[in-house]
Amino acid sequence: MTADAKILSALRGAGGTGLSPAMLTERTGLGAVALARRITELRALGYDIESTPHLGYRLLGSPDVLHADDLLARLPARRIVGRDVQVFQQTSSTNDVAEKLARDGVAEGVVIFAETQTKGRGRLGRKWLSPTGQGLWFSVLLRPALSPVSITQLTVAAATAVARAIRLETGLVPQIKWPNDILLGGKKVVGILTELSAELDRVRYVIIGIGVDVNVTDFPAELRDVATSLAAEAGKRFLRAEIAAAILRELDADYARVVRGEFAALAEEWERQCITLGRRVVIHIGDRKLTGRAEALDSDGALLLRGDYGHLERIIGGDVTLEK
Ligand code: BTN
């Protein structure tokens, strides 16, 4: 852990009680001079750190910026997802940065955040808007020992983890539209883009790109009816670092489940929140249009569609519209 991560984690752990300078140097292993210097820097970044003779140091507030050390300080010690966290002010797409790291052989678990993306992309070649400082735009690099056909398991795991984190942090109740759109009140609040590099029977790496509209209030006209944000639904703003850390913690737990072969339990949780299953749907896959009833998930997370002539089709991608 870096010095800043140690300080923030110690202060958060102490809560309202505060820590004397002696206790804070002991908990962080920093000397008094280094500690004072880091506290000045953290205050300059917007952290409201009080110091009084009576209570010592107390963390009264955190700014709504993404600071890698702050994110690291909010994660459990043993983890894969969030092993390393990097924050960029601006990138083309965080998936591009993660892909470059993947090609350079970087170990799995690294997470790349950007305050804004100039070329954020969504599924099916769509654009993804990433207004500065208003949402979470990030990508996670994973190297699972899964065959390429099972990769939908990770997509399902990611959607389940993000939905759970949103429930825990905001009290809002998200729904999931297959494969991995997260909706609030029928409008999309999170998009997930899974990109993979694989050989026939082996996955080299997977990049899970996640976009969460946290505090976005001003959607362009064409998105207003279909997109929403956590802030718009809850009627209050959220501290993005808190939401980000909760998502990474849940993602780490669910990734571990997939790796241990415990996908079935995750799929059950996914199904409970899914608005697609049991409904009549239209699915566009390239030029193909399929209609039928979304029946179930299979053991690899693919959607089983009962077509209009009674046959069962296994769907691993595409654009799903729910029929009224
Ligand atoms: C979709 O619903 O179409 C998927 C949207 C995924 C957006 C995220 S934002 C972070 C990462 N970087 C990107 O360029 N896309 C994903």
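Residues numbered from 1 in each chain as written. Predicted model: local features only at pLDDT ≥ 70, side-chain atom pairs only at ≥ 80, totals over all residues. Heavy atoms only, no water.

(A) Quick look at empty space enclosed by the protein. Inspection of the entire model under this criterion finds one cavity of 30 Å³ or more. In this structure, the largest cavity occupies an estimated 50 Å³ of space. What lines the largest cavity is Leu142, Leu154, Ala157, Ala158, Ile208, Leu251, Asp254 and Tyr255. For the lining of the largest cavity, the elements supplying multiple residues, two or more each, are helix 6 (152-170) and helix 8 (240-259). Counted by class, the lining of the largest cavity contains seven nonpolar, no polar and one charged residues. (1 Å grid on protein atoms, 1.4 Å probe; cavity = no way out; pocket = protein on both sides within 12 Å on 5 of 7 lines; lining within 4 Å. Points joined across faces, edges and corners; volume = space filled by probe spheres on them. Helix = DSSP H or I, 4+ residues; strand = E, 2+ residues; numbered from the N terminus. Nonpolar A, V, L, I, M, F, W, Y, C, P; charged D, E, K, R; others polar.)

(B) Fine view of the sheet that holds strand 3 (residues 85-91). Strand order in the open sheet made by the seven strands is 3-4-5-9-8-7-6, with mixed pairing throughout. Edge strands, defined here as strands with exactly one partner in the open sheet, are strand 3 and strand 6 (175-177). Averaged over all pairs of adjacent strands, the angle between strand axes in this sheet comes to 20°, irrespective of strand direction. Two strands pair when backbone bridges link them, and strand 4 (residues 111-117) and strand 5 (residues 136-142) are joined in this way by four bridges, in the antiparallel orientation. (Pairing = 2+ DSSP bridges. Axes fitted to C-alpha atoms, helices over the stretch in contact; angles between N-to-C directions.)

(C) Seen up close, the pattern of salt bridges. Throughout the structure, instances matching the rule amount to 29 salt bridges. The partner of Asp4 in a salt bridge is Arg38, with the nearest N and O atoms 2.7 Å apart. One end of the pair, Asp4, is in helix 1 (residues 3-14); the other, Arg38, is in helix 3 (residues 32-44), with 34 residues separating them in the sequence. Judged by relative accessible area, which is 4%, Asp4 ranks as buried. Beyond isolated ion pairs, a larger network of salt bridges with shared partners links Arg164, Arg167, Glu250, Asp254, Arg257 and Glu269. (Salt bridge = Lys/Arg side-chain N within 4 Å of Asp/Glu carboxyl O. Buried < 20%, exposed > 50% of the residue type's maximum accessible area, 1.4 Å probe, protein only.)

(D) A look at the site of the ligand. Around the ligand sit 20 residues, and of these Ser93, Gln117, Arg121, Arg123 and Lys188 come closest. The backbone of Arg121 places a nitrogen or oxygen atom 2.7 Å from a nitrogen atom of the ligand. At 2.6 Å, a backbone N or O of Arg123 approaches an oxygen atom of the ligand. If the ligand stood free it would expose 410 Å²; the protein chains cover 98% of that surface. (Near = heavy atom within 4 Å. Polar contact = N/O pair within 3.5 Å; in protein donor to acceptor, adjacent residues only side chain to side chain. Areas by Shrake-Rupley, 256 points an atom, 1.4 Å probe, with all protein chains shown as cover.)

(E) Inspection of the layout of surface pockets at higher detail. Roughly 1100 Å³ of volume is contained in the largest pocket. Taken together, 46 residues make up the lining of the largest pocket; nearest its centre are Arg126, Trp128, Asp181, Lys188 and Val226. Listing elements by their share of the lining of the largest pocket, those giving two or more residues are helix 5 (94-103), strand 5, strand 7 (181-184), strand 8 (187-198), strand 9 (203-212) and strand 14 (319-322). Broken down by element, the lining of the largest pocket gets its largest block of residues, six residues, from strand 8.

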